[in-house]
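# Reading the structure
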Amino acid sequence: MLPTMTAITVTDLSKSFGAVRAVDQVSFTVEPGTVTAFLGPNGAGKTTTLRMILGLVTPTSGTALIGRTPYNRLANPITKVGAVLEATAFHPGLSARAHLEVLRTAAGLDPARVNLVLEQVDLTQAADRRIGGFSLGMRQRLAIASALLGDPEVLILDEPSNGLDPRGISWLRGFLRAHAHEGRAVLVSTHVLAEIERIANRALIISAGRLVRQAQLTPDSTDLEHLYMEATS
Ligand SMILES: Nc1ncnc2c1ncn2[C@@H]1O[C@H](COP(=O)(O)OP(=O)(O)OP(=O)(O)O)[C@@H](O)[C@H]1O
């Protein structure tokens, strides 16, 4: 287990875009050592919530804390929180290794981290190729490698299995489970219920901006699809 444990605490978080109430009074915690699935229909407010936790969207009201600190006030955020968001932009002319090296240098991390995360996401063979030539799955692996670079205690992933092949999805599942077993907190937004059901300890279901269900999950007894359909009907 890690020496310092960090959780995510979201309290009465709301965000309006003009007349659209994208997130409405949402409160939840993500405990260390767990995988929490963040589920909900298209447009329910998942990405907006994750972006508020990461300080990329300013809440209309409410708070989102990493441990006891808002993301934007963390001393060296890359070492606390790793994030994979939708449609990550990379410089197409850089190699995967160069991209990671830029991040590593900016954050003052150990040079050995680059090879380590490349290995973790199985991109070592492609490390010196231009990102412009990468497939969607390879970009997704690079986004995950970037999130892992600072060896963070909290992982926030928006649709991380997007573009991954079956081997990649299986790897991701094992990886997220292992990450939580080490005492880290994992919050993962997904539409692939069958995938997340096998590894999540907890589900948060959001619909039309409101948190409509929180449930503990057990691998054998929970029918996540049923829970989801019921909560979002
Ligand atoms: N920058 C923005 N400006 C205006 N409206 C926005 C903005 N970002 C999100 N919204 C709106 O907020 C609502 C929630 O969107 P959000 O992207 O958080 O949903 P989501 O649950 O992540 O959806 P999906 O599963 O389709 O990715 C939607 O109605 C969306 O149109």
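Worth saying up front: this structure is predicted, and the values here are computed from it rather than measured. (Residues numbered from 1 in each chain as written. Predicted model: local features only at pLDDT ≥ 70, side-chain atom pairs only at ≥ 80, totals over all residues. Heavy atoms only, no water.)

### Quick look at empty space enclosed by the protein
Put simply, the rule reads: A 1.4 Å probe that fits into a set of points on a 1 Å grid over the protein atoms alone but cannot get out defines a cavity; an open set with protein on both sides within 12 Å along at least five of seven lines defines a pocket, and lining residues are those with an atom within 4 Å of a point. Grid points are joined across faces, edges and corners, and a volume is the space filled by probe spheres set on the points. To qualify as a helix, a DSSP run of H or I must reach at least 4 residues; to qualify as a strand, a run of E must reach at least 2; elements of each kind are numbered from the N terminus.
Under the criterion given, the structure shown has 1 cavity of 30 Å³ or more. The space that makes up the largest cavity amounts to roughly 110 Å³. Lining the largest cavity, in full, are Pro160, Ser161, Ile169, Leu172, Arg173, Leu176, Val188, Thr190, Val192, Glu195, Ile196 and Ile199. Taken together, the elements giving at least two residues each to the lining of the largest cavity come down to helix H5 (166–181) and helix H6 (193–197).

### Brief notes about the side chain of Asp158
For clarity, the cut-off: Buried, partly exposed and exposed residues are distinguished by accessible area as a fraction of the type maximum, computed with a 1.4 Å probe on protein chains only: under 20%, between the cut-offs, and over 50%, respectively. For this count, His and the chain ends are skipped, Lys and Arg are scored as positive, and Asp and Glu as negative. A carboxyl oxygen of Asp or Glu within 4 Å of a side-chain nitrogen of Lys or Arg is what we treat as a salt bridge. Under the rule applied, a polar contact is a pair of N or O atoms within 3.5 Å (in protein, one hydrogen donor and one hydrogen acceptor; residues adjacent in sequence only if both atoms are side-chain atoms).
Residue position: Asp158 is located in strand E6 (residues 154–158). Nearest to the buried, unbridged Asp158 among oppositely charged side chains is Lys46, at 6.8 Å. A polar contact is formed between the side chain of Asp158 and the side chain of Thr47, at a distance of 2.8 Å. In this structure the side chain of Asp158 is engaged in a polar contact, spanning 2.8 Å, whose partner is the side chain of Ser189.

### Considering the pattern of salt bridges
Pairing is possible between side chains of opposite charge, provided their charged atoms come close. Scanning the entire structure with this criterion turns up 10 salt bridges. Arg210 is paired through a salt bridge with Asp24; the nearest N and O atoms lie 3.1 Å apart. Within this pair, whereas Arg210 is found in strand E9 (residues 210–216), its partner Asp24 is found in strand E2 (residues 20–30), the two being separated by 186 residues in sequence. Measuring nitrogen to oxygen at the nearest pair gives 2.8 Å for the salt bridge that ties Arg184 to Glu182. We classify Glu182 as partly exposed; its relative accessible area is 36%. Each member of the salt-bridge network shares a partner with another, and the members are Arg21, Asp24 and Arg210.

### Here's the deal with the sheet that holds strand E1 (residues 8–17)
Our working rule: Here a strand pair is declared whenever DSSP counts at least two bridges between the two strands. Whenever a helix is involved, its axis is fitted only over the stretch in contact; in every case the axis is a line through C-alpha atoms, and angles between N-to-C directions fall within 0 to 180 degrees.
The strand order E2-E1-E4 describes an open sheet built from 3 strands, whose pairing is antiparallel. Two strands lie at the open edges of the sheet, namely E2 and strand E4 (61–66), each paired on one side alone. Averaged over all neighbouring strand pairs, the angle between strand axes comes to 20 degrees, with direction disregarded. Alignment of E1 against E4, held across 5 bridges, turns out to be antiparallel. Paired with Thr9 across the bridge in E4 is Leu65.

### Thoughts on the pairing of strand E3 (residues 34–39)
A regular strand carries its side chains on alternate faces of the sheet. With 6 of 6 residues buried, E3 lies mostly within the body of the structure. Alternating residues of E3 divide into Thr34, Thr36 and Phe38 and Val35, Ala37 and Leu39, and every residue in both groups is buried. In this sheet, strand E7 (residues 185–189) lies alongside E3 in parallel orientation, the contact comprising 5 bridges. Bridge assignment links Phe38 to a residue of E7, and that residue is Ser189. Where E3 and strand E8 (residues 202–207) come together, 4 bridges link them in parallel fashion. Following the sheet pairing, Thr36 is matched in E8 by Arg202.

### Looking at the pairing of E1
Here E1 runs beside E2; their pairing, made up of 7 bridges, is antiparallel. If you follow Thr9 over to E2, its bridge partner there is Thr29. Hairpin connection from E1 to E2: 2 residues lie between these consecutive antiparallel strands, with Gly18 at a positive phi of about 60 degrees.

### Comments concerning the sheet that holds E7
Note: strands within a sheet are paired through backbone hydrogen bonds, in either parallel or antiparallel orientation. Counted only if it meets this: By definition in these notes, contact holds between two residues if any of their heavy atoms fall within 4.5 Å.
The strand order E5-E6-E7-E3-E8-E9 describes an open sheet built from 6 strands, whose pairing is mixed. The open sheet has two edge strands with one neighbour each: strand E5 (81–84) and E9. Across the sheet, the axes of successive neighbouring strands diverge by a mean angle of 15 degrees, strand direction being ignored. Strands in contact with helix H4 (residues 136–148) are E5 and E6; relative to E5, the strand with the most contacts, it is inclined by about 165 degrees. Set on the sheet, helix H7 (residues 224–232) makes contact with E3, E8 and E9; between it and E8 the angle comes to about 30 degrees.

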